[in-house]
Amino acid sequence: MDIFVQQLINGLVLGSIYALVALGYTMVYGILELINFAHGEVTMVGAMSALAVIGALLGAYPQAPALLVLPAGVLAAIMVCMALGYVIERVAYRPLRRAPRLAPLITAIGVSIVLQNAAMLIWGRSYISFPAILPHGSHPILGAVITDLQIVIVTLSVLIMLGLTLLVERTRLGRAMRATAQSREVAELMGVNVNTVISATFIIGSALAAIAGVMVSAYYGLGHYYMGFMLGLKAFSAAVLGGIGNLAGAMLGGLLLGVIEALGAGYIGDLTGGFLGSNYQDVFAFMVLILVLVFRPSGLLGERVAQRA
Amino acid sequence: MTTLLTVENVTKRFGGLSALEAVSLTVNAGEVYGLIGPNGAGKTTLFNCMTGLYTVSAGVIRLDGVPIHNRKPHQIVGRGFARTFQNIRLFANMTALENVMVGRHARTRTGVLGAVLHSRRCLAEERDSRQRAKSLMAFVGLKDRSRSLAGHLSYGDQRRLEIARALATEPRLLALDEPVAGMNPNERREMSELFRKLRDAGITLLLIEHDVKLVMGVCDRVAVLDYGKKIAEGVPDEVRRNPAVIEAYLGGAVS
Amino acid sequence: MRSVPDWLRRHPGLAFGLLAVLLAVLPFIVSIGLGRGWVRVLDFALLYAILALGLNIVVGYAGLLDLGYIAFYALGAYLFAWLSSPQFGLHLPFWLVLPSGALLAGGFGVLLGAPTLRLRGDYLAIVTLGFGEIVRIFMNNLDAPVNITNGPQGINLIDPISIGGFSLGARHTILGVHVFPPTFYYYLFLFFTLFTILVAMRLQDSRIGRAWAAIREDEVAAAAMGIDTRNIKLLAFAMGASFGGLAGGLFAAFQGFISPESFNLMESVMILCMIVLGGMGNIPGVILGAVLLTVLPEALRYLGAWQRAALGHVVVDPNDLRMLLFGLAMVAMMLYRPAGLLPSRQRRREFRAEDGAAEQEAASLYDAKA
Ligand SMILES: Nc1ncnc2c1ncn2[C@@H]1O[C@H](COP(=O)(O)OP(=O)(O)OP(=O)(O)O)[C@@H](O)[C@H]1O
Ligand SMILES: [Mg+2]
């Protein structure tokens, strides 16, 4: 089997999930200049609620077809996360819009702790496995293997990203979002209801996070109350890599980070003469993050923002 | 007469916009040099380039013959060049006296060890800083405001405090960005008095101001910027009669 | 502080005397009143006070949000373990190891800070958080191919601190009374806490402290007033980190055992919580925060016992509830009492200022048109 091609495929799959989560960070940052620290946990809540609904449905109707159960789970996750995103913004961020910068960041950390621990109380400390209703075919490709699930994840991600791009470029809401990102004051003067736009941004970002959450738990076959933390960090790194505030950047950054991580994990043993193993996979995201921030703080596609320090 | 500051062909671009285009000027030691021009002419941008807040796109700026463009702000302050800001930038939640004492930073040395051990030098320095800060506050007319929060001072007092803070760095050259903006005629008179006192104390002044009467009254020489270009330079009377200047100002007044 | 009674204010010497006596006998009062286990809690409260005061230099004074602070604690702890335990067969004396830990942590603080400190605040938060995770991942995995950290199992049998042949890690009988290690460590930790307080106080009140405050208020103006913002920020970072390293060494010696487990992100967040809860930038506030957040979880353990007494079984494990409550408290504090329980003068003003947006504006380099 060709390791390079295989890791490339794995990286692209993981990367498209990162991209979905990164979009949430980047949209909020673009509009509020706020790092929505709790976004990773929203992803986790999405995964866990989908697992709960799917589990409950299969419990009640063991013969229910996967094509019905899966979408039901995803839909439930989306609804829950959209509500969650809305509430988080209203409760934890909106009252602090004029406060010093540190304040919303601290409430954001508080919210993620709350979500994590609430999830732990609700769903317990142990891993929840994804029911075996997923497609499990696989196809050889260029000396490597791609599974049906991987194909579904990538296709769905691409479709969603296309949809989001259309929404931002073509619709009234999208125009309002772009105007608000340019300048909140001016948008307000032009008659944009900024609060609505901000709420919508959180809601859309959370919906993406929900889908990404389900994808991750399906891909690894697991859900866990702690899964959002790393995922969130990596997606944030991806957003920064691409240029935070920039939608295309988040997509590119996500894909790149996924590939870097997969290839890194595949080759780190060879690179370090066996000193470091693939258990250092998680280090790559942070290395990338630090390197980008040091050498090109505006990211690959972003404008210079770091100078505004 | 010795040259203190020279600006040679300085250009500053923001994306496509040239905020400064090949601007050159020289400021002599001991004079009050005025910089005027319509809104958006590039005056503040030039200050920012001179004081290290912006990097220049091209050109050279020298203080005492030593290039200072593209140096860090604190290095430029260290060489004796201080400034104030058009949109007042005080440390609003610190007291007025603390603000001025911050200005002493570049002229004091106490490190962590000295501060923690209360070394003799540290205590002496601290006393000296406080003393100087107080007398500077008196100098600008804020004698009994030292314990007020900077953010609570009146607009005019905030401008004075910014000058005191800049003076605490012991500048030879002081750049003031619209120091009388928002002041009433009475205060303006006091301020021009202050400028004269500063010049008599041997400090070279670089003054951005829209108040043409004040500029003509206190400045030894004046340069006029318009759309990023220097369109005139000379003694006030000369400049006032310069057709290009009249055109720039009338054009500005119409729009 | 208006809560101090007037007669105490008139006689500060007397107040100090009383406080000193109280602090001196506290472990005995606590062990008699609440049980010996609580002396340990007291020790941890002091340890966290050192940590919180250290982080307060970074966050409270200089306004830099450091979410990876625990990594410096970890470095100090691991260095202590490496230099005085059977892991490498080294048993160096504590007076050599503790300062080395502080130095190492401070050095790493500079190493991490140098490239990142020019970033805006929230980026810095994420980078430091990433750094904290990297350190933890390395501690977790550096057991193969060369065993440096002993991986997830951690390092055991770390030497207790021993001063002139008197081991703090053993029971001694003094004047016929059995005195246990936590009591000895209490005095050691108290000494270091007082040391930290002194350093923090004097720094805050110095040229350097003013420079930190200035940077926090308006970095551009600070630079234009002659402050080398990069170096001064680095200094805050390094100072905070050294106290983290110091506390780490103390922790390792006290516990006799360390593992990566003790150094996860939540610990960083907890220390940040202490500062936020107590009052950022204010030394008494920070100490109050540290004590409260160390003691409260212990007190919460009784919740389990009460539940069993009232309902016959434990419905919610108080340990699980603990973090949830902390998270809620963090949000609530920011919303309703953002300056903390004992706010510093400056913070109070800052949050009361009608237009906090002014600060954001001040953060931009661009001279806005008047
Ligand atoms: N950081 C920046 N980014 C982009 N454009 C800038 C920046 N700073 C200044 N400019 C532009 O450069 C031009 C000159 O601005 P500047 O502030 O120097 O004018 P000024 O002469 O000080 O005007 P005023 O009298 O209104 O203060 C303006 O068009 C301004 O918009
Ligand atoms: Mg200007």
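Starting afresh in each chain, residues are numbered from 1 along the sequence in its written order. Whichever chain is written first is A, and whichever ligand is written first is 1; the rest continue in order. Totals for whole chains, interfaces and linings use all residues, but because this is a predicted model, local features are given only for residues with pLDDT of at least 70 and pairs of side-chain atoms are given and counted only at 80 or more. The basis for every side-chain value is the complete set of heavy atoms in the structure, and neither hydrogens nor water enter the calculation.

## So, the overall build of chain C
Link 1 in the chain: Only DSSP runs of H or I reaching four residues or more are called helices, and only runs of E reaching two or more are called strands; each is numbered from the N terminus. Looking only at helices and strands, one finds 15 helices and 6 strands in chain C.
Link 2 in the chain: Restricting the calculation to C-alpha atoms gives the radius of gyration, and the globule rule supplies 2.2 Å times the number of residues raised to the power 0.38. Expected size for 370 residues packed as a compact globule is a radius of gyration near 21 Å; at 22 Å, chain C falls within 12% of this value.
Link 3 in the chain: Projected onto its principal axes, the C-alpha coordinates of chain C cover approximately 75 × 60 × 50 Å.
Link 4 in the chain: A 1.4 Å probe rolled over the protein chains alone gives each residue an accessible area, and that area as a share of the maximum for its type sets the label: buried under 20%, exposed over 50%, partly exposed in between. Every one of the 370 residues in chain C was classed for burial, and the buried ones make up 56%.
Link 5 in the chain: Residue contacts are defined here by distance: any two heavy atoms, one from each residue, within 4.5 Å place the two residues in contact. Sequence separation of 24 or more characterises 70% of the internal contacts of chain C that already satisfy a separation of 6 or more.
Link 6 in the chain: Neither His nor the chain ends contribute to the count of charged residues, in which Lys and Arg are positive and Asp and Glu negative. Charge coordinates come from a single atom per side chain, which is NZ of Lys, CZ of Arg, CG of Asp or CD of Glu. The averaged location of the 23 negative side-chain charges in chain C is 7 Å from the averaged location of its 25 positive side-chain charges.

## Quick look at the site of ligand 1
Link 1 in the chain: Among the 16 residues in the neighbourhood of ligand 1, the closest are listed as Asn39(B), Gly40(B), Thr44(B), Thr45(B) and Gln86(B).
Link 2 in the chain: Residue proximity to a molecule or strand is established when one non-hydrogen atom of the residue lies within 4 Å of it. At the site occupied by ligand 1, nearby residues are drawn from chains B and C.
Link 3 in the chain: As used in this structure description, the phrase polar contact means that two N or O atoms lie within 3.5 Å; if the pair is within protein, one of them must be able to donate a hydrogen and the other to accept it, and residues adjacent in sequence are counted only when both atoms belong to side chains. Asn39(B) is positioned such that a nitrogen or oxygen atom in its side chain is 2.7 Å from an oxygen atom of ligand 1.
Link 4 in the chain: Within the backbone of Gly40(B), an N or O atom sits 2.8 Å from an oxygen atom of ligand 1.

## So, the coordination of the magnesium ion (ligand 2)
Octahedral six-donor coordination of a metal ideally yields angles of 90 or 180 degrees, compared with 109.5 degrees for tetrahedral four-donor coordination.
All names here are of chain B.
Link 1 in the chain: Protein coordination of the magnesium ion (ligand 2) is provided by Thr44 (OG1) and Gln86 (OE1), with donor distances spanning 1.9 to 2.1 Å. With a gap of 42 residues between them, Thr44 in helix α1 (residues 43-50) and Gln86 in the loop between β6 (81-83) and α3 (96-102) connect regions that are remote in the sequence. When sorted by exposure, Thr44 lands in the same class as Gln86, which is buried. The donor set covers N, O and S atoms within 2.8 Å of the metal, switching to 3.2 Å for Na, K and Ca, and it leaves out water, so a site may look short of donors.

## A closer look at the interface of chain B and chain C
Link 1 in the chain: If you look at the interface, chain B gives 40 residues, while chain C gives 38 residues.
Link 2 in the chain: Carbon and sulfur atoms make up 59% of the surface buried where chain B meets chain C, a total of about 3400 Å² over both sides.
Link 3 in the chain: Buried area: the sum, over both parts, of the accessible surface (1.4 Å probe) that disappears when the two are put together. It is Arg89(B), Asn93(B) and His105(B) that lose the most area in chain B upon contact with chain C, and together they represent 21% of the buried surface on that side.
Link 4 in the chain: Just to be clear on terms, a salt bridge is a Lys or Arg side-chain nitrogen sitting within 4 Å of an Asp or Glu carboxyl oxygen. Joining chain B to chain C, the criterion identifies 2 salt bridges.
Link 5 in the chain: Notably, a salt bridge pairs Asp218(C) with Arg89(B), separated by 2.9 Å at the nearest N-O pair.
Link 6 in the chain: Where chain B meets chain C, there are 10 residue pairs in polar contact (both at pLDDT 80 or more).
Link 7 in the chain: Counting only elements with at least two residues in the side of chain B that touches chain C, the list comes to α1, α2 (73-78), α3, α4 (112-117), α5 (120-139) and α6 (155-167) of chain B.
Link 8 in the chain: The greatest single-element share of the side of chain B that touches chain C, amounting to 4 residues, is contributed by α4(B).
Link 9 in the chain: Here the side of chain B that touches chain C is built from residues that sort into 17 nonpolar, 15 polar and 8 charged. Amino acids are sorted into nonpolar (Ala, Val, Leu, Ile, Met, Phe, Trp, Tyr, Cys and Pro), charged (Asp, Glu, Lys and Arg) and polar (every other residue, Gly among them).

## Quick word on helix α6 (residues 172-182) of chain A
All names here are of chain A.
Link 1 in the chain: By the burial criterion, the buried members of α6 are Gly174, Ala176, Met177 and Thr180. Along α6, the residues classed as buried sweep out an arc of 160 degrees about the axis, all on the same side. α6 presents Arg172 and Gln182 as exposed residues on the side facing more than 90 degrees away from its buried surface.
Link 2 in the chain: Against the buried residues of α6 lie α1 (3-32), α5 (148-170), α7 (184-189) and α8 (194-220). The arc refers to the directions leading from the helix axis to the C-beta atoms.

## Observations concerning the arrangement of the chains
Link 1 in the chain: Among the 2 pairs of chains in contact, the pair with the most contacts is chains A and C.
Link 2 in the chain: The two units chain A and chain B remain apart, with a minimum C-alpha distance of 10 Å.

## Looking at the sheet that holds strand β3 (residues 32-36) of chain B
All names here are of chain B.
Link 1 in the chain: For two strands to pair, DSSP has to find at least two bridges joining them. Strands sit in the order β6-β7-β8-β3-β9-β10 across an open sheet of 6 strands; the sheet is mixed. What marks the edges here is a single partner per strand, and that holds for β6 and β10 (229-234). Neighbour-to-neighbour, the strand axes of this sheet turn through a mean angle of 15 degrees, independent of strand direction.
Link 2 in the chain: Judged from the 4 bridges that link them, β3 and strand β8 (residues 204-208) form a sheet pairing that is parallel. Counted as the bridge partner of Gly34 is Leu207 from β8.
Link 3 in the chain: Between the N-to-C directions of two axes lies an angle of 0 to 180 degrees, each axis being a line fitted to C-alpha atoms and, for a helix, fitted only over the stretch in contact. The strands touched by α1 within the sheet are β3, β6, β7 (173-177), β8 and β9 (221-226), with β8 carrying the most contacts at an inclination of about 145 degrees.
Link 4 in the chain: Lying over the sheet, helix α7 (residues 185-200) contacts β3, β7 and β8, oriented at roughly 150 degrees with respect to β8.

## Focus: a nonpolar patch on the surface
All names here are of chain C.
Link 1 in the chain: On the surface, Phe16, Leu19, Val21, Leu22, Val25, Phe28, Ile29, Ile32 and Tyr187 cluster together into a nonpolar patch covering about 870 Å² of accessible area.
Link 2 in the chain: Here the nonpolar patch takes 8 residues from helix α2 (residues 12-33), the largest share from any one element.
Link 3 in the chain: Along the chain, the position of Phe16 falls in helix α2.
Link 4 in the chain: Phe16 gets classed as exposed once you look at its relative accessible area, which sits at 61%. Patches were defined on residues exceeding 30% relative accessible area and lacking a salt bridge, with like-charge contacts within 9 Å and nonpolar side-chain contacts (Val, Leu, Ile, Met, Phe, Trp, Tyr) within 5 Å. Under the convention used here, a 1.4 Å probe and the Shrake-Rupley method define accessible areas, while residue burial counts only the protein chains that appear.

## Here we look at the domain arrangement of chain C
Residues and elements named next belong to chain C.
Link 1 in the chain: The domains assigned to chain C are domain 1 (1-33) and domain 2 (37-279).
Link 2 in the chain: All the domain ranges listed were derived from an automatic or database domain assignment. Distance between the C-alpha centres of domain 1 and domain 2: 28 Å.
Link 3 in the chain: Counting residues at the interface gives 7 residues for domain 1, matched by 7 residues for domain 2.
Link 4 in the chain: When domain 1 packs against domain 2, the two sides together hide about 630 Å² of surface, and 80% of this comes from carbon and sulfur.
Link 5 in the chain: Taken together, the links from domain 1 to domain 2 amount to 0 salt bridges.
Link 6 in the chain: Summed over the shared surface of domain 1 and domain 2, the result is 2 residue pairs in polar contact (both at pLDDT 80 or more).

## Topic: unusual backbone geometry
Link 1 in the chain: The backbone of Glu178(B) shows a phi angle near 50 degrees, a positive value even though the residue is not glycine.
Link 2 in the chain: Within the secondary structure, Glu178(B) sits in the loop between β7 and α7.
Link 3 in the chain: The exposure class assigned to Glu178(B) is buried, which follows from its relative accessible area of 8%.
Link 4 in the chain: One non-glycine residue, Leu157(C), lies in positive phi territory at about 55 degrees.
Link 5 in the chain: Positionally, Leu157(C) belongs in the loop between α6 (121-141) and β3 (162-163).
Link 6 in the chain: The exposure class assigned to Leu157(C) is exposed, which follows from its relative accessible area of 62%.

## Some words on the interface of chain C and chain A
Link 1 in the chain: Taken together, the contacts link 51 residues of chain C with 52 residues of chain A.
Link 2 in the chain: Summing both partners gives a buried area of about 4900 Å² for chain C against chain A, and 74% of it is carried by carbon and sulfur.
Link 3 in the chain: Mapped by element, the contributors of at least two residues to the side of chain C that touches chain A are α6, α11 (265-278), α13 (318-336), α14 (345-352) and α15 (357-362) of chain C.
Link 4 in the chain: No other element matches α6(C), which puts 12 residues into the side of chain C that touches chain A.
Link 5 in the chain: Among the residues making up the side of chain C that touches chain A, the classes are represented as 36 nonpolar, 6 polar and 9 charged.

## Considerations on the domain arrangement of chain B
Residue and element names in this part refer to chain B.
Link 1 in the chain: Annotation of chain B at the domain level lists domain 1 (1-80 + 171-255) and domain 2 (95-164).
Link 2 in the chain: With centres defined by C-alpha atoms, the gap from domain 1 to domain 2 works out at 27 Å.
Link 3 in the chain: Taken together, the contacts link 19 residues of domain 1 with 9 residues of domain 2.
Link 4 in the chain: In this assembly, domain 1 packs against domain 2 so that about 1000 Å² is buried in total across both faces, 64% of it on carbon and sulfur atoms.
Link 5 in the chain: Per-residue buried area on domain 1 facing domain 2 is highest for Met183, Met191 and Leu194; these three make up 30% of the total on that side.
Link 6 in the chain: Linking domain 1 to domain 2 there are 1 salt bridge.
Link 7 in the chain: With a shortest N-O distance of 3.3 Å, Arg160 and Glu190 are connected by a salt bridge.
Link 8 in the chain: Contributions of two or more residues to the side of domain 1 that touches domain 2 are made by α2, β7 and α7.
Link 9 in the chain: Per-element accounting of the side of domain 1 that touches domain 2 gives the leading share, 7 residues, to α7.
Link 10 in the chain: Of the residues contributing to the side of domain 1 that touches domain 2, the split by class is 11 nonpolar, 3 polar and 5 charged.

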